[in-house]
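Each chain, written out:
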There are 2 protein chains.
Amino acid sequence: MKRIVTILSAALVLAGTLQAQELANFNFNGPAPVVSPEIQGDSVTFRLKADYATVVKLSGSWMPNPWGDTIDMARGADFVWSVKIPLPPAEIYTYNFIVDGVTVNDPQNIYVQRDGTRYLPMLIVPGERSENYVEATKHGTVSHPWYDSKLLGYSRRLTVYTPYGYEANPKKKYPVLYLLHGAGGDEEAWISMGRTAQILDNLIEKGLAEPMIVVMPNGNPGQRAACTLGLPEIPMDRRDPAVRDSYVKSLCEEIVPFIEKNFRAIAKPSSRAIAGLSMGGGHTIAASILYPELFDYICPLSAAGQATPEQIAALKKAGVKLYFLACGDADFLFEGSKALDKTLTEQGLDHIFYVSDGGHVWSNWRLYLNTFAQKLFK
Amino acid sequence: MKRIVTILSAALVLAGTLQAQELANFNFNGPAPVVSPEIQGDSVTFRLKADYATVVKLSGSWMPNPWGDTIDMARGADFVWSVKIPLPPAEIYTYNFIVDGVTVNDPQNIYVQRDGTRYLPMLIVPGERSENYVEATKHGTVSHPWYDSKLLGYSRRLTVYTPYGYEANPKKKYPVLYLLHGAGGDEEAWISMGRTAQILDNLIEKGLAEPMIVVMPNGNPGQRAACTLGLPEIPMDRRDPAVRDSYVKSLCEEIVPFIEKNFRAIAKPSSRAIAGLSMGGGHTIAASILYPELFDYICPLSAAGQATPEQIAALKKAGVKLYFLACGDADFLFEGSKALDKTLTEQGLDHIFYVSDGGHVWSNWRLYLNTFAQKLFK
C-alpha cells in the first residue's frame, strides 16, 4: 500500500497546482462562496451576488403563476441579493433570477434540469411526494440508441431505460412502456424533467412496479435528436397532419419493432404500454386509435387529444387491460379530458380518470408516472 | 391515408392552442425573435435583449485569455445589445454574456455544452478542424450503466460508447478505450465538451479508426454520478493520496472487469487503451505504472503527472504498442510534459510527443482524441 501511495503522489503531484479550464468550477482561494438555495427548517433562501444590478427578482415554478409571478430580492452586504420564503411542499421545482430584466440561472446551484431548450436550476424539497424522485440504491441503465427511420428518412435518437438486473439476467425478457413527451420537449424530457429513471428505479426496488423497459422517443418528426447534440432541425410544419402522422406511424411501425429486435422485450400487446403528456397524450390517443391491437395499456396524461365514440368502441373490442386518463383540475386541457372520460364511460370502456390538483406542469406528470407505472403489466 | 389524416386531426385538434409549460420554449405570436449567434461570411454577431441593463459584455473561449477578456456590446433598437466580430477559426467554442456584472447564457442559442457544473452556449464554426465534431451519418449508442464498486462502497455511473453496428453484430467483439476526464469534470465531460461520440462516429464511418468501445468513468471518487442527477457528493479530500488511489484502483480492478463482463470487449492488453486529460492524464500515467500489463496503448493528454526512469523502464519491459503524449505549447503543464518526454526518450520507450498550439483547453483535447484514436488497435 505504501508503494502505491508513493507512486500516485509522484504521478499526481501537479494536480494541486491546476488553474485550468475544468477547474473554473472550483473556488479554492476566493471569498466564502454564496450559498443558494439554502433550505433551513421550513424556509428556503435564494442568494445571488450581483455587484452592479439595480433590480433582482426571483421566479419559481411553485408560484401561483409560474410564468409571470416574481418576488423582489433585497441587496445585502457584498452585493449579495437574497430572499427568504416559506418552503413549498415536497416536490422538485425549477426557478431562476431576473437581473435587470434578464433571466439568469443560479450560479451556485449545480442541480440543473433540462426542459426542451432551457436549462433550469432545481429546488428539490424532500418529502413523501418526492421520495421516488431521488436516486434509489439499484440503478437501471439509460442508453441512447439510434433507429433508422425509413418513413422519415434519417436516423433518430431514442432514450431507453432498462431496469436494474437487465445485464445480469441475459435470458430474461421484459415488458415495455413507450413514454412520450409534449410539445417543446424531446427524447431527453422524461429522463430529465420527468425523473423517469429515478421513479422506475425506486418503484422496482420497492416491489411496487414490474421491472420494465421504458422507451422515450423524440416526438418531433423534424428532429433527429435533442438539440443538445447541435444537429439543426429539419424544417417541417407541425400543424400539417401528414407531419403528425409520420411520427405516430414511425413509433408504431418502426420504433416498436426496433426495440423488440434490439432489446429483450416481450413482443405482445399485454406487455406493451403507451403513455404521453400533452402533445404526447395526443400521440398516445392517436396510436391507440390507429393501432388498436398494439398496446394493452393506454395512459393519456394532460392530453391534447380526443377520440370519437366509434374509435373507443373499436378499442374496447380490441381489448384493453388499463386505460388510465389523468389531468389536473386547473389544466387548460381539463375540459378535453372530461369529454374523453365521458366518451369512455358512454362506450363502457373500463378506465381510470385520475384527477389531480394543479395544471399543465411537470410536477403532475411525475406524479402520474409514479402512479400508473404501479398498475402496468400486472 | 385520408382516414389516418382525419383521425389524427381529431386526436390532436387541441395541440394548436397549447399555451403550456413545455411550450414556453416557443414564441408563436411575439415580436420577431432576436437571432444569436449569427454567422455571416467571415463574421459572427452576438445579440441579447436586455431592457434595463447598463453594461453588457461578451466573453468567449476563443479570446486570448478566455477567463478574463471581454468585449463590450452596444445597445441598439428595442434594447437589443449586440457585437459583431471576425469569425474565429473552425472549432467549437463556448461563450456567455455579462450583464451588469452577472454571467448570463444566450437565451437564443439552443446548443449548449455542459462542462462540470456549468452550462455554456456553443459557437460551432464549421471547417476542416471541426468536421469530425458534428454528427456523422451512422451513430453509435451512448449508455449510462452503473457498476458496483466494492472499493468505494457504492454504485457509480459510467458513460459507455458502443460503435454503430454493435447491436446488429451480436457475435463481434471490440477493443476498448478508457477515456478519463480532468478535475472539475465527470462521466459526462468527454461526451459533452469532448464530442467523443461524434468524433468516433466520424472516424469509424470514414474508415480512419477501428470500431471500438469507449468507456468514460467518473474520476471523482466522492461522486456516484454527475451532479446532473442531483446526488449529493460524498465529502472526500481529493489531495489525500488514499482517495486518489481508490479511483485508479477501482478503474483497473473493477471497471475494466465490469466492461469485459457486460459488453462484448476483447479482454487482452492489445485491445485496451487508456487516455486522459489533465487530472485524467495523471490517472492514465498512474494506471500505467501500477498496472503495467493492463493497457498496450497509453495516451496522457495535457497531463498532470510524471513517472520515474525506473517506472518507465518497467513499462517498457511490460510492452507498449503506443505511448502518445500530447500537450499544448502554451499549456501551464507543458514543462511537465517535456520532462516526461525526456524520461521516455532516455529510457528508450518508443513514443509520440504531439505538441499543439494553445493551452489547457477542450479545443486541444478534441484535437488529441481525433488524432490518437486513429492510431489505436492497428
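Residues numbered from 1 in each chain as written. Chains lettered and ligands numbered in written order. Predicted model: local features only at pLDDT ≥ 70, side-chain atom pairs only at ≥ 80, totals over all residues. Heavy atoms only, no water.

K.L.:
What is the right way to look at the pattern of salt bridges in this model?
P.N.:
Where charged atoms from two side chains of opposite charge come close, those side chains can pair. In total, this model carries 26 salt bridges over all chains according to the counting rule given. Between Lys342 of chain A and Glu346 of chain A there is a salt bridge, with the nearest N and O atoms lying 3.1 Å from each other. Of this pair, Lys342 of chain A and Glu346 of chain A both sit in helix α7 (residues 334-346), four residues apart, which is roughly one turn of the helix. With respect to class, Lys342 of chain A is no different from Glu346 of chain A; both count as exposed. When the shortest N-O distance is used, the salt bridge between Asp51 of chain B and Lys49 of chain B registers 3.1 Å. (Salt bridge = Lys/Arg side-chain N within 4 Å of Asp/Glu carboxyl O. Helix = DSSP H or I, 4+ residues; strand = E, 2+ residues; numbered from the N terminus. Buried < 20%, exposed > 50% of the residue type's maximum accessible area, 1.4 Å probe, protein only.)

K.L.:
Would you mind showing me how to read the sheet that holds strand β2 (residues 43-49) of chain A here?
P.N.:
Residues and elements named next belong to chain A. With antiparallel pairing, four strands are arranged side by side in an open sheet as β1-β2-β6-β5. Two strands close off the open sheet at either side, each with one partner strand: β1 (38-40) and β5 (74-75). In the sheet, β2 pairs with strand β6 (residues 80-86) via seven bridges, with the strands oriented antiparallel. In the sheet register, Thr45 faces β6, and the bridge partner there is Lys84. (Pairing = 2+ DSSP bridges.)

K.L.:
Please clarify how the packing of aromatic side chains should be interpreted in this entry.
P.N.:
The relation between two aromatic rings is expressed through the spacing of the ring centres and the mutual angle of the planes. Per the stated rule, a full pass over the model turns up 30 aromatic pairs over all chains. Note on Tyr297 of chain B and Phe377 of chain B: the rings are 5.1 Å apart at their centroids and 65 degrees apart in plane angle, and the pair reads as edge-to-face. In this pair, Tyr297 of chain B is assigned in strand β18 (residues 297-301) and Phe377 of chain B in the segment after α8 (362-372), connecting sequence segments 80 residues apart. Considered together, Tyr297 of chain B and Phe377 of chain B belong to a single accessibility category, that of buried residues. Ring plane angle 85 degrees and centroid distance 5.2 Å describe the contact between Trp362 of chain B and Trp365 of chain B, whose orientation is recorded as edge-to-face. Taken together, the residues span about one helical turn, with Trp362 of chain B and Trp365 of chain B both in helix α8 at a distance of three residues. An identical accessibility class is assigned to Trp362 of chain B and Trp365 of chain B; each is buried. A network of ring pairs unites the aromatic residues Phe46, Trp62, Tyr93, Tyr95 and Phe97 of chain A as a single cluster. Directly above the aromatic system of Tyr174 of chain A lies the positively charged group of Lys172 of chain A, at a separation of 5.1 Å from the ring centroid. In this structure, Arg264 of chain B is placed above the aromatic ring of Tyr166 of chain B, and the distance from its NZ or CZ to the ring centre is 4.0 Å. (Phe/Tyr/Trp six-rings, centres within 6.5 Å; stacked < 30°, edge-to-face > 60°. Lys NZ or Arg CZ within 6 Å of the ring centre and 35° of its normal.)

K.L.:
What is the right way to look at the pairing of strand β16 (residues 213-216) of chain A in this model?
P.N.:
The two faces of the sheet receive side chains in turn, since in a regular strand these alternate between them. Residue and element names in this part refer to chain A. Neither face of β16 is open: one carries Ile213 and Val215, the other Val214 and Met216, and all of them are buried. The pairing of strand β14 (residues 159-162) with β16 spans three bridges and is classified as antiparallel. Directly across from Tyr161, in β16, lies its bridge partner Val214. Where strand β15 (residues 176-180) lies against β16, three bridges are found, and the strand directions are parallel. Opposite Tyr178, over in β16, you have Val215 as the bridge partner.

K.L.:
Can you walk me through the side chain of Asn202 of chain B in this structure?
P.N.:
Residues and elements named next belong to chain B. With respect to the element layout, Asn202 can be found in helix α3 (residues 196-205). Within the structure, Asn202 has its side chain in polar contact with the backbone oxygen of Val134 (distance 2.8 Å). A distance of 2.8 Å separates the side chain of Asn202 from the backbone oxygen of Gln198, its partner in a polar contact. For Asn202, the residues in contact, after removing those within four places along its chain, are Glu131, Asn132, Tyr133, Val134, Glu135 and Ala136. (Polar contact = N/O pair within 3.5 Å; in protein donor to acceptor, adjacent residues only side chain to side chain. Contact = heavy atoms within 4.5 Å.)

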